[in-house]
Amino acid sequence: MNLHYAAIVVTYNRKKKLVKALNSLLNQTVSPKHIILIDNCSTDGTEELLKQEGLLSNKIIAYHKMQKNYGGSGGFYYGVKEAMKYDDIDFVSFSDDDAYFKNDFFEKVSMAQSQYKDCSAFCGTVKYANGDIQLDHRRKITNHNWLKEQQFEVVDYSSNFYVDTFSFVGAVIKMDVLREIGLPHKDYFIYYDDTEYSLRVREKGKVINISSAEIIHDILKKKVQTGKLISWKNYYELRNSILMKKQHSTWKLLNLYFYYRELHMYWYILTTNTFKGEKKRALFAYSHGFHDAMKGITGKVEPFSPGNF
């Protein structure tokens, strides 16, 4: 039975990659019924290039230009909101503008849905352009008190495996599950919106990675960091990880644990050479991220935005 799905793609200022990402969806052996394109107010001529390539005249593609950059979390929030308007789809896929599906990705997920009927969602294997697996997209929880995650190893990808948390890159979720759990948190801005959402999905059923279904993530493979370690992104990474854990953990000592980790974090920043030359920036970003999380503050917070920090 073929997969009836809508594909959400979120983009911001990566027009050339976006064209390749959209074509990877249009060239699927099992085609999407709808492609929901959320443009986070790109300023690089994205809309003009899409018109030039004839993509905006394709009836499958619904192009939504946002009035401002809502970040990845806001983009997927509005994408799911649009997907819920359709009554002719059973699944929704998620991806960014730098993710290219192999042309049989959804064919393999379609076959898997008949085999794994108890699953609420499916994932595929995320790879770098050189073919290496990007391991941080599929994870298992090793401590449920503070929701400690651990990525799967390369050997696990030799067959299908169940996951606890996943990124939105190559995630395919049942529509009835989305309607039940609601929309992603739009005010995370970036980071952990997909992890938090995957925990909600996981409450409704199993999630399995179909290891032969592949998606290429067009980013540089992580190397040893040189240059700046601290940016505006570090604020959201820490803040949102705490917000996510506070929402989903039932451990009574969680807040006490967070304060212990805060002291350990400050000690590490001050006494190691990891943040040499950036200790003040690190303390500023992480202390604000921690205390805003404990206060429940969400959304984009100044000065932690591109170009300001």
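How each quantity is defined
- Residues numbered from 1 in each chain as written.
- Predicted model: local features only at pLDDT ≥ 70, side-chain atom pairs only at ≥ 80, totals over all residues.
- Heavy atoms only, no water.
- Phe/Tyr/Trp six-rings, centres within 6.5 Å; stacked < 30°, edge-to-face > 60°.
- Helix = DSSP H or I, 4+ residues; strand = E, 2+ residues; numbered from the N terminus.
- Buried < 20%, exposed > 50% of the residue type's maximum accessible area, 1.4 Å probe, protein only.
- Lys NZ or Arg CZ within 6 Å of the ring centre and 35° of its normal.
- Salt bridge = Lys/Arg side-chain N within 4 Å of Asp/Glu carboxyl O.
- Polar contact = N/O pair within 3.5 Å; in protein donor to acceptor, adjacent residues only side chain to side chain.
- Pairing = 2+ DSSP bridges.
- Expected span 1.5 Å × (residues − 1).
- Contact = heavy atoms within 4.5 Å.

A. A look at the packing of aromatic side chains. As enumerated under the stated definition, the model contains 31 aromatic pairs in all. With centroids separated by 6.5 Å and ring planes inclined at 85°, the aromatic side chains of Tyr116 and Tyr162 adopt a geometry described as edge-to-face. One end of the pair, Tyr116, is in the loop between α4 (105–115) and β6 (119–127); the other, Tyr162, is in strand β9 (residues 161–163), and 46 residues separate them in sequence. Given a relative accessible area of 14%, Tyr116 falls into the buried group. When its relative accessible area of 40% is taken as the criterion, Tyr162 is described as partly exposed. Ring geometry for Phe168 versus Tyr197: centroids 5.9 Å apart, planes at 70°, classification edge-to-face. Highlighted residues: Phe168 in the loop between β10 (165–166) and β11 (171–174) and Tyr197 in helix α6 (residues 193–202), separated in sequence by 29 residues. Considered together, Phe168 and Tyr197 belong to a single accessibility category, that of buried residues. Geometry around Tyr162 places Lys206 over its ring, the cationic atom sitting 5.0 Å from the centre.

B. A look at the pattern of salt bridges. Under the criterion given, the structure shown has 14 salt bridges. Here Glu47 and Lys51 are joined by a salt bridge, their closest N and O atoms 3.8 Å apart. Here Glu47 and its partner Lys51 are both found in helix α2 (residues 46–52), four residues apart, which amounts to about one turn of the helix. Note that Lys204 is salt-bridged to Glu180, the shortest N-O span being 3.2 Å. Separated by 24 residues along the polypeptide, Lys204 in the loop between α6 and β12 (206–217) and Glu180 in helix α5 (residues 175–181) bring together distant segments of the chain.

C. View of the side chain of Thr272. Within the fold, Thr272 resides in the loop between α8 (254–271) and α9 (279–295). Within the structure, Thr272 has its side chain in polar contact with the side chain of Thr274 (distance 3.4 Å).

D. Quick look at the sheet that holds strand β8 (residues 148–151). Read from one edge to the other, the open sheet built from three strands follows the order β8-β7-β10, with strand pairing classed as antiparallel. Unpaired on one side and paired on the other, β8 and β10 mark the two borders of the sheet. Two elements, strand β7 (residues 138–143) and β10, share two bridges in a ladder whose sense is antiparallel. Bridge assignment links Arg139 to a residue of β10, and that residue is Thr165.

E. Quick peek at the pairing of strand β2 (residues 34–39). Of all six residues in β2, six are buried; the element is thus mostly enclosed. The side-chain alternation of β2 yields two buried faces, one formed by His34, Ile36 and Ile38 and the other by Ile35, Leu37 and Asp39. When strand β1 (residues 5–11) meets β2, the two strands line up parallel, connected through six bridges. Its bridge partner lying in β2, Ala6 is registered against His34.

F. View of α8. Counted at 1.5 Å a residue, the expected span for α8 with its 18 residues is 26 Å, and the 26 Å between its end C-alpha atoms agrees. Every buried residue of α8 is listed here: Leu254, Tyr257, Phe258, Glu262, Met265, Tyr266 and Ile269. Elements in contact with the buried residues of α8: α7 (232–248) and α9.

Any functional reading would require information that these geometric values do not contain.
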